[in-house]
Amino acid sequence: MSIEASSATTNAATGSSEPATRGLPASAGRTPVVNDLVISIATSNGTGSQSANNILMRTIFNMGVPVGGKNLFPSNIQGLPTWFDIRVNKNDFTSRRAGVDLMVAMNPESARDDISSLRPGAILVINEDMKAFINRDDLIIYVVPFSKLVVPICPDGRLRRLVVNMMYVGVVGWLLHFDLEELKRAIQKQFGRKPAALELNQNAAVGGYEWAAENLERQDLFSVERMTGKAEGKVIMDGNMAAALGLLYGGTTVLSWYPITPSSSVCENLIAFLGKYRHEEDGKATYAVVQAEDELAAIGMVVGAGWAGARAVTATSGPGISLMAEFAGLSYFAEIPAVIVDVQRMGPSTGLPTRTCQGDIAKAYNLSHGDCKHVLLIPGSLQEAFEFGIESLNLAERLQTLVFLMLDLDIGMNNYMIDPLQLTDRPLDRGKVLDAEALNKVEEFARYRDVDGDGIPYRTLPGTPHPKAAFFTRGTGHTDRATYSEKPEDWQSNMDRLSRKFDTARAITPQPVIDTVEGAGIGIIAYGSSDAPIREARVRLDEEHGLKTNYLRIRALPLSADVREFIASHERVIVIEQNRDAQMASIIRSDYPDLAPRVSTLLHYNGLPLDAQTVINGVIVNPGTVN
Amino acid sequence: MSIEASSATTNAATGSSEPATRGLPASAGRTPVVNDLVISIATSNGTGSQSANNILMRTIFNMGVPVGGKNLFPSNIQGLPTWFDIRVNKNDFTSRRAGVDLMVAMNPESARDDISSLRPGAILVINEDMKAFINRDDLIIYVVPFSKLVVPICPDGRLRRLVVNMMYVGVVGWLLHFDLEELKRAIQKQFGRKPAALELNQNAAVGGYEWAAENLERQDLFSVERMTGKAEGKVIMDGNMAAALGLLYGGTTVLSWYPITPSSSVCENLIAFLGKYRHEEDGKATYAVVQAEDELAAIGMVVGAGWAGARAVTATSGPGISLMAEFAGLSYFAEIPAVIVDVQRMGPSTGLPTRTCQGDIAKAYNLSHGDCKHVLLIPGSLQEAFEFGIESLNLAERLQTLVFLMLDLDIGMNNYMIDPLQLTDRPLDRGKVLDAEALNKVEEFARYRDVDGDGIPYRTLPGTPHPKAAFFTRGTGHTDRATYSEKPEDWQSNMDRLSRKFDTARAITPQPVIDTVEGAGIGIIAYGSSDAPIREARVRLDEEHGLKTNYLRIRALPLSADVREFIASHERVIVIEQNRDAQMASIIRSDYPDLAPRVSTLLHYNGLPLDAQTVINGVIVNPGTVN
Amino acid sequence: MSATSPATSASPKPPVTNRLGHEQKIYKAAESTLCAGCGHDSITSQLIKALFEMDVEPWNVAKMSGIGCSSKTTAYFLGQSHGFNGVHGRMPAIATGSYLANRKLVHIGVSGDGDTASIGLSHFLHSIRRNIPLLYIVENNGVYGLTKGQFSATADRGSVAKKGVENEMEPIDVCAMAIEMGCSFVARSFSGDIKQLVPLIKAGLAHPGFALIDIVSPCVTFNNHEGSTKSFKYAKSHEDPLHEFGFVPYYEETKVDYEPGTAQEIEMADGSHIVLKKLSHDYNPTDRNEALTLLHKARSEKLFLTGLLYHKNEGDRPMADQLHLVDTPLTQLPAEKLVPGPEALAQVMESLK
Amino acid sequence: MSATSPATSASPKPPVTNRLGHEQKIYKAAESTLCAGCGHDSITSQLIKALFEMDVEPWNVAKMSGIGCSSKTTAYFLGQSHGFNGVHGRMPAIATGSYLANRKLVHIGVSGDGDTASIGLSHFLHSIRRNIPLLYIVENNGVYGLTKGQFSATADRGSVAKKGVENEMEPIDVCAMAIEMGCSFVARSFSGDIKQLVPLIKAGLAHPGFALIDIVSPCVTFNNHEGSTKSFKYAKSHEDPLHEFGFVPYYEETKVDYEPGTAQEIEMADGSHIVLKKLSHDYNPTDRNEALTLLHKARSEKLFLTGLLYHKNEGDRPMADQLHLVDTPLTQLPAEKLVPGPEALAQVMESLK
Ligand SMILES: Cc1ncc(C[n+]2csc(CCOP(=O)(O)OP(=O)(O)O)c2C)c(N)n1
Ligand SMILES: Cc1ncc(C[n+]2csc(CCOP(=O)(O)OP(=O)(O)O)c2C)c(N)n1
Ligand code: SF4
Ligand code: SF4
Ligand SMILES: [Mg+2]
Ligand SMILES: [Mg+2]
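All residue numbers here refer to positions counted from 1 along the written sequence of the relevant chain. Written order decides the labels, with chains lettered from A and ligands numbered from 1. Local features in a predicted model are, by the rule used here, given only for residues with pLDDT of at least 70; side-chain atom pairs are given and counted only at 80 or more, and totals for whole chains, interfaces and linings are based on all residues. Side-chain numbers come from the whole structure's heavy atoms, not from hydrogens or water.

**Structural notes on the site of ligand 3**
Here comes step 1: The full set of residues close to ligand 3 is Ile77(A), Leu34(C), Cys35(C), Cys38(C), His40(C), Cys69(C), Asn141(C), Gly145(C), Cys219(C), Val220(C), Thr221(C) and Phe222(C).
Here comes step 2: By convention in this text, a residue qualifies as near a molecule or strand provided that one of its non-hydrogen atoms is within 4 Å of it. At ligand 3, the nearby residues belong to more than one chain, namely chains A and C.
Here comes step 3: Put simply, Ala, Val, Leu, Ile, Met, Phe, Trp, Tyr, Cys and Pro go in the nonpolar bin, Asp, Glu, Lys and Arg in the charged bin, and everything else, Gly too, in the polar bin. Broken down by class, the residue content of the shell around ligand 3 amounts to eight nonpolar, four polar and no charged.

Here you go:
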């Protein structure tokens, strides 16, 4: 039986590390909960709320308080419900938490559900126009006449729909004791280059703040207070940008892509960085970018470029992964470096393009017909998205094969407060390439011969001025000298060498990160964006339930030997993943059949980012079931 | 550790059930081995040897002796080495057997290897032109001046290249004591409608026969003798034709395809049958066939046709499977009937287009990004290829999903002697379709609602004259009323229903065939074309090694509960399959992690059809290793 | 255009219905979720009007689309018709399958310029070559709307993106490609030209083969700025109709009474008529070479010519006829017609003995 | 065409070499595995000749192909060049990537009619639109040879298959499509017309952008029978050259001395010259509309016109120039050029604080 993650709001009693103050009817005068709450802003997309929400989040950040933002947006451009959830947590737990403490309801379309989803005692800030939706008396409700208030502040009627958003920022700011200067600084950062917009938005925010101060009775359930030692020197960014920076520092020379949510911004960021940092003095570009006609062409160009010696990459999401299947097999079998960034969205099919999941893990690993498997790098943080961006290009050339960089929408498109990205000083790895000089030294160049015993052969690039350089690349059977062959023994020995190469990959890809603690019984295995909620859950499992856990985070496929060892040293291991079909667990179970009985699963697949409570519930409810 | 199938010749001592007569230097006068040998004919493709080889095989069949033919042809049209292996076996074991007894060497290109591959004591018939290749004295060699002999028989110089083939048929016929009348009858069957060709070929065959009788010293190591009770009433055919007949009897209305070896003949056969049996009196067709522009279009048309209510099918092989990935997910998620016949060839990539394997099993099962799995029917015989052809269309409509009919090159394109195909009297199953009348009776039509608890919803077809009939089909998230939804609970409950539907499939797809014997310790699991060699291997394991085995043959995915039970009742189970990556074993291990330690594997992946000796070696060598 | 019975004075005014007795409202469907002002929404409105006035039976329509803002629009009209929002770029294949399954359905396809001219180009062209009877509407905004404004392959050379980048490549002209492929009904229009759009859609519906209408349909969110050649402003100020396009259904008489030489009348296969009233151009849309020459001129001189670009009556037979299909939709054939008797199998088996 | 030094009487005759000092034999490669007499093999021979005579440096060539008998031929010439036999229909994408990686390579693509006009149609057209400098040869036999003779999309209407079925659909004319897409060098030829083929290939090699040569190349095994319009016999008896095509490389002078009006000389971008000697046609291949009109006429009247169909000198810039790429192949840039210093990262991080 799989543990189905609940999409409903979490039981308030266990929803936070301050359970005592939660779930109680509001009453004025109590000591507020400081720096620990979830704000949710319900608007309609395409109405400009995104910058308001970013400013709200950044103000908290400016006050030194850890913060994380989850953007739950619809798959259209304008007019459908969208939510921005901000988690404020002094202990650095900023992954999603179900159970909103403060809801700003600006969207009549979702208002009914928004209100009914709140726990008793939660705060509701609601636009006066939507008063009619209020049907509960167990909430702390602030009705704000936003539509009226915005009129004097924004004389231009067409802009009011945008500007009104800054007013709720002001109201929330007052309710939560924001430092008004930090709020202004955040607005300055957002609109600094547009003086008119800056002034307008400043006025709106301050207007909201002041109106609230004068008109609302603050219950002081929550407040945001300046902290030190947490946010200073940090940055707010998303994983797609981090990956793009990785690809920039990995020396990408060819990017070929076809737009698709949520991967487009990997390419758009990369294009911007390349444009800024990769032109010669004469303006010439040291990179090529093509918007391909489709995903088949995109990966085809990457394979062509990789063959000719470029550091080539494409980025896509689920449907594109399916379309790239045939070329993935060619890259595997003809041994051509290529990198695909897969920013996973909810599938199957077109699915939920703006919702997260980890549903391509086994699909990318096994992509293409026939016996072939691929190398996957799976960052669990933005720093890793950056490092693995570089590493994906290195490994593609080192292993002469397709490498997937597996992000997901949560890590790729949500906002994280992190330490600035750190460069490692590892030089670019261009792999085993024989140039003309090297060819002079070798007796024979056999393209697919396992000279070094690691399964990785040597290659040459077209354009190498040497009569021995040439070889013929094909997706059909070949000898180790790259000549056509249908001989059973040639086929099998080549396939066996490819298996050896894959074993080499086990050792040279990023190894798992393991955290063991004294007294732990259960082992948790997870990967990717699950890391943050799992780190939180482990602390709470220990603190609240006295349950200590060990934790292994997979960072690459094929599985490292460390994974086997970890499982072998635990009576039971729970693989936590964000898909229905237990994709990683399947890989583990088939790689280690002798250990399979120890491996149970906890599966979350409703499109929302994983949260700690789901993990806690799963671990407690399901201590030993094999599923 | 995997047991690598050996592509070399089998040790003669265990290569047959008559070991005593094998492997010994030839000597005249001994009692010949009757009706048990392997003939291999080495020619060059595109030289017309195929009809000669068929005649050779059919003559043996006409004499009542069980026979099977394996065509090892190259992936080009003319001029490369090709082999036709005929196994004659009175006990009905006609799958491939390594270790040729009689080689006809007609191709100088492969002659060196052909000769060196023979076991000592084997018979070699060789064209005089190639005499120079003879470098062994441990063979029984007949040098035949084919090029000279053909001249008087075939005055037209251009035809000699073709006609010469009939001469080796005659020579072999004499060496093996063929009944000349049966040989003539076989020629009659092949050329009956072309009197000139008939005469020419008759003369050539008889010419060869007579020349041999006069000039060769027959050693009488082997002979073919008329038998009864084995071949009478049987037919010789291949699996692609059987599958095509199944699709015909399954009521195919739309066939959309893109040519690819080895699946093309499924379509070509089906087109011929449709042309013959599916026209109205006025000549109008009750079916549509489209040669699509590519595989993406081919499956797209099938999905469109299935949506509109057709019985629609396409056939392809590995590369096409990869290209159909995106649509496979749409069929799964939007719940549209579709059938893909996958005649597996050796992959990955373009691979070996004319070699067999079972390398798409897990790939088809998991095709497309995101969480989705598909129904696979896996026939192990031609009768099943026929029945499952019908059943694939039934199940696609019953389950409203994509169904794969998984053949492979061995079962699809090789020649089998079988009982005539038997029709079952099961009527066509059109699944849960509401017409206008039915719509009148239901209160609400909710396209994706699980009304019956089996996970299978009801559908309507476009063109149903009823205002309630319409619904909107999409690959994006939807409610059970088929309206667009991004709600976490809608997504998850729909995905859970799809899992329930998949569980229904476990029970209504063809169940495994199980053969248990008293005293068996080991359980064997296999599928598809492995059946014939495994049946042979089990007999020989018992007779020669005293090892009794139980046997479960999987006939469909998802796994039936019977598979679990079978594994649970054995201490160890060996999954035998024709791929490198243990694809079926992976599925078993992840479905039944508690039983995974019992499951070991035996893998064969060199492109040759599986043979019993490989199975025997594997079972004996590897009695308990988990791999 | 539709005949309504005169209202009796006493009873409340009866609703306006078409010849099938349907009110226009049943030709509508779900609320649009596109951006306010999106060109696609006005095309939807004109489709609703044309379908109503053409007496199309909703339950007999199959609405087909790919993926994109444009492809979403099939959810916004004909709520009583089956719709199929497939995968990106492959709608023509799905429509082909649906048509072969049921040749009696009226197939209406809506696609975008990304959907048609990039990922779907090959399917688009091959479905034209097969002559699938499909009204194929391209809602052409020169960008990928749904993925936030990247240039599509129909963006004009020199057109400027919202962020300032200039498009350096020549556009793909889907109309020219279609004519080259043998399409027998090819038109271009503008989402803002209601007067032209409704009769064009009607004619497209009346056409018995593949009918392409490429409609410039501005993306107000990502491609409606200064410098874009697909903005409302640009399209409105540059539209240059080749003729005033009129459509007269088969059951009405063409009561045109133009000066000789000022109008051209084209009879369609079903007896309907296209009436082209001359404006400033002297253009004959029945000559393929003339059409292609005109389109090349339009491209090089950046003219936005609208109207019927090409029409041919002796079109290739629709695919079902090429395949000699029975008249009954294949989906409606009973099992007896689909499953041969046991004799057939026996005959085949006999031949293999 | 290549200058050889006069042999001294005593020494054995030195081998004939080109301006690079290479003998023709190094332009050869593995034995063909095609059917004896296949049209593709004669194209291979002409390619070898043209490459030799054009002094193409083997190590600097990238041979690209898809899948099919035609696509196999890249294994049969230039054994000292890298070759890439990719996947079916997607060679243009692979070639695009390879070209962007190394713009200095000479890219030669060989494809089939199935590979190009069916599965690869979209990539073919889009790579033309991008103007990848690629000599793209279609070995056009009207069938899928490697899968045993199904009609391809270039099969003429009315052409009869080996088993007797008649093709009912109009062919796709890859040349017309290419011209429509803006291709600046489009030619058609016949595998049996050696005289025309060699200079055409040379001109294609000299062309700085996408150069298409569609070569009718009979499939002797599956499409060489009576009733086929792609048989040797048919092609030989119907070939109608538009002109006598001559090519003069940039380093030679055009010593043409024709009567005025009997020849047309076209200077190519690298200074080479195309010389078109007039035959029975009066055709100017530099006019796009004329080219398309001619091709339509050829199709409807079933003419097999060969020669240079269209050429334009002010072609679009090749893609690398559109992208403003550095001259050095991207593959040869050292790591310093590819990896920004730590300041860049620091700057980005600062902006996110
Ligand atoms: C296979 C695949 N690739 C990419 C996408 C992402 N995608 C969705 S719509 C679209 C382009 C839409 O452009 P267009 O067809 O012009 O429609 P518009 O939104 O402009 O109306 C893309 C690339 C997808 N859904 N599927
Ligand atoms: C994806 C895919 N689909 C189908 C095939 C099978 N296939 C191989 S070659 C070919 C067609 C070849 O036709 P053409 O390009 O005209 O080349 P020709 O053999 O006629 O020279 C096909 C369909 C394949 N290899 N890959
Ligand atoms: S993004 Fe553009 S195309 Fe899409 S709905 Fe908005 S305006 Fe229309
Ligand atoms: S099958 Fe046809 S195309 Fe292929 S090699 Fe033979 S003759 Fe040439
Ligand atoms: Mg668009
Ligand atoms: Mg061909």
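**Concerning the interface of chain B and chain A**
Here comes step 1: Counting from both sides, the interface comprises 69 residues of chain B and, opposite them, 69 residues of chain A.
Here comes step 2: When two components associate, each loses some accessible surface as probed by a 1.4 Å sphere; the sum of these losses over both components is called the buried area. Regarding the contact of chain B and chain A, the summed buried area is about 5,800 Å², with carbon and sulfur atoms giving 55% of it.
Here comes step 3: When the buried surface of chain B facing chain A is broken down by residue, His369(B), Asp371(B) and Arg580(B) rank first, second and third, together holding 13% of it.
Here comes step 4: In the sections that follow, a salt bridge refers to a side-chain nitrogen of Lys or Arg positioned within 4 Å of a carboxyl oxygen of Asp or Glu. For the interface between chain B and chain A, the tally reads four salt bridges.
Here comes step 5: A salt bridge links Glu486(A) to Arg355(B), with the nearest nitrogen and oxygen atoms 3.6 Å apart. Contact between two residues is taken to exist if any of their heavy atoms lie within 4.5 Å; hydrogens are not considered.

**Observations regarding the coordination of the magnesium ion (ligand 5)**
All names here are of chain C.
Here comes step 1: Atoms of type N, O and S within 2.8 Å of a metal are treated as its donors, and for Na, K and Ca the window is 3.2 Å; water is not considered, so some sites may appear to be missing partners. Distances from the magnesium ion (ligand 5) to its protein donors, Asp113 (OD), Asn141 (OD1) and Val143 (O), fall at 2.0 to 2.1 Å.
Here comes step 2: Taken in chain order, the donor set of the magnesium ion (ligand 5) reads D-x27-N-x1-V. Here Asp113 is found in helix H4 (residues 113–119), whereas its partner Asn141 is found in the loop between strand E4 (135–140) and strand E5 (143–144), with 28 residues between them in sequence. Each of the two residues, Asp113 as well as Asn141, counts as buried. Helix and strand assignments follow DSSP, with helices taken as H or I runs no shorter than four residues and strands as E runs no shorter than two, numbered in order from the N terminus. Accessibility here uses a 1.4 Å probe with only protein chains present; expressed as a share of the type maximum, an area under 20% marks a residue as buried, one over 50% as exposed, and anything in between as partly exposed.

**So, the interface of chain D and chain A**
How big an interface is tends to be expressed through the accessible area that disappears when the partners come together.
Here comes step 1: Counting residues at the interface gives 56 residues for chain D, matched by 67 residues for chain A.
Here comes step 2: Approximately 4,900 Å² of surface area, both sides summed, lies buried where chain D meets chain A, with 69% of it carried by carbon and sulfur atoms.
Here comes step 3: The interface formed by chain D and chain A includes three salt bridges.
Here comes step 4: The partner of Arg130(D) in a salt bridge is Glu293(A), with the nearest N and O atoms 2.7 Å apart.
Here comes step 5: Throughout this description, a polar contact denotes any pair of N or O atoms lying within 3.5 Å of each other; where both atoms belong to protein, one of them has to be capable of donating a hydrogen while the other can accept it, and for residues adjacent in sequence the pair is counted only when both atoms sit in side chains. There are 21 residue pairs in polar contact (both at pLDDT 80 or more) connecting chain D and chain A.
Here comes step 6: Among the elements of the structure, strand E1 (61–65), strand E2 (82–85), helix H3 (91–101), helix H5 (121–130), helix H11 (335–338) and helix H12 (342–351) of chain D are those that each provide at least two residues to the side of chain D that touches chain A.
Here comes step 7: In the side of chain D that touches chain A, the residues fall into 27 nonpolar, 22 polar and seven charged.
Here comes step 8: Relative to E2(D), strand E18 (residues 472–474) of chain A runs parallel, the two being bridged by three bridges. Pairing of Thr473(A) across the sheet is with Phe84(D), part of E2(D). A pair of strands counts as paired when DSSP detects no fewer than two bridges linking them.

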